[in-house]
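Report on the structure
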Amino acid sequence: MSTVARPRGPMPTRVYWVRRLVLVAVVVLVGWLTIRWIDGGDSGATPPEDETPAAATESDDPTPAADRDPKKSRDKNRTARVDTVAETFERPREDCDLTDVLVVPSVTESAYAEEPVRLSLRISSGSSSPCSLGLDAESLLIVISDGNDTVWDSTHCEDDLPVRDLALQPRWSTLIDLTWSGRHSGRNCASDATPAEPGTYTVEAAMLEGEPSEAEFELIARPKPADDKADKDKADKGKNGTDESSEQQPSDEPSEDEPPATDSSSVDPTAPQT
């Protein structure tokens, strides 16, 4: 009998049969994985002809298609999982270098002419360690302009600027709010100064010796209440009605084209008629 059916060697026959079975199993496994890999690459090319593409089918799900977007769903879930995390900050041990402090202004709310406007300042430091910043009129500069014309200058309205002691942390920003009166500053920042007219304005902010940042905002005219307009229309309508009634009122005086009316009782019946 050949050595294939009855292997020969120094080890028992069982050892050789186990080796052969393992080798056959490995060959079969490799062949099966190769076939699966080939079928998997071809299966994603085109859908079968007897099947309708998924994009063409209608769904009974009332959720809009935009809400079924997997990316948007992940964003919503990510937003829903946002938690508040307590952060421990170090106490500053040095003053901030004003050249490293950035002040970014913005107007996030609707701004109306002849009314106070709320400004927001985002203050941050480029330093790698915490630092202290004394915010006052001597270190903070803010200018509101209309084109090349300066409308409001903080150097003329120092009392309107906030006075704070800030502890700036690396990679963190501090928000500070202040209010612009909506009027020209002039030389002495008078409370009865001329209000700024509706239009587009630019606000610039910077620390002394620092780089300025700017933002544009729109100053709009507040619409008149509907009740006032209705009362005005009603008053105009009443005035016009009074004028028309006075023009159409009959008069007892005869017109020039009509002969004067005569009283039949005063005519003598015996007098000859002409």
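Please read these numbers as outputs of a predicted model, since none were measured by experiment.

With the rule as written, the count across this model stands at two disulfides. A sulfur-sulfur separation of 1.9 Å characterises the disulfide bridge that pairs Cys96 with Cys131. Across the disulfide from Cys96 to Cys131, rotation about the S-S bond amounts to roughly 90 degrees, and the bridge is consequently right-handed. Here Cys96 is found in the loop between α2 (70-80) and β1 (101-106), whereas its partner Cys131 is found in strand β4 (residues 131-135), with 35 residues between them in sequence. For Cys96, a relative accessible area of 10% gives the class buried. Two residues, Cys157 and Cys189, share a disulfide whose sulfurs are 2.1 Å apart. Disulfide Cys157-Cys189: the torsion about the S-S bond is 110 degrees, which places it as right-handed. Remark: Cys189 occurs in the loop between β8 (173-180) and β9 (199-207) and Cys157 occurs in the loop between β6 (149-153) and β7 (164-168); sequence separation between them is 32 residues. Bonded cysteines in the protein are paired 1-2, 3-4 when counted in the order they occur along the chain.

Our focus in this paragraph is a negative patch on the surface. Together, Glu138, Glu158, Asp159 and Asp160 make up a negatively charged patch on the protein surface. Within the secondary structure, Asp159 is located in the loop between β6 and β7.

Conventions we followed
- Residues numbered from 1 in each chain as written.
- Predicted model: local features only at pLDDT ≥ 70, side-chain atom pairs only at ≥ 80, totals over all residues.
- Heavy atoms only, no water.
- Disulfide = S-S within 2.5 Å.
- Helix = DSSP H or I, 4+ residues; strand = E, 2+ residues; numbered from the N terminus.
- Buried < 20%, exposed > 50% of the residue type's maximum accessible area, 1.4 Å probe, protein only.
- Patch = residues over 30% accessible without salt bridge, like charges linked within 9 Å, V, L, I, M, F, W, Y side chains within 5 Å.
- Areas by Shrake-Rupley, 256 points an atom, 1.4 Å probe, with all protein chains shown as cover.
- Salt bridge = Lys/Arg side-chain N within 4 Å of Asp/Glu carboxyl O.
- Lys, Arg positive; Asp, Glu negative; His and termini not counted.
- Charge placed at Lys NZ, Arg CZ, Asp CG, Glu CD.

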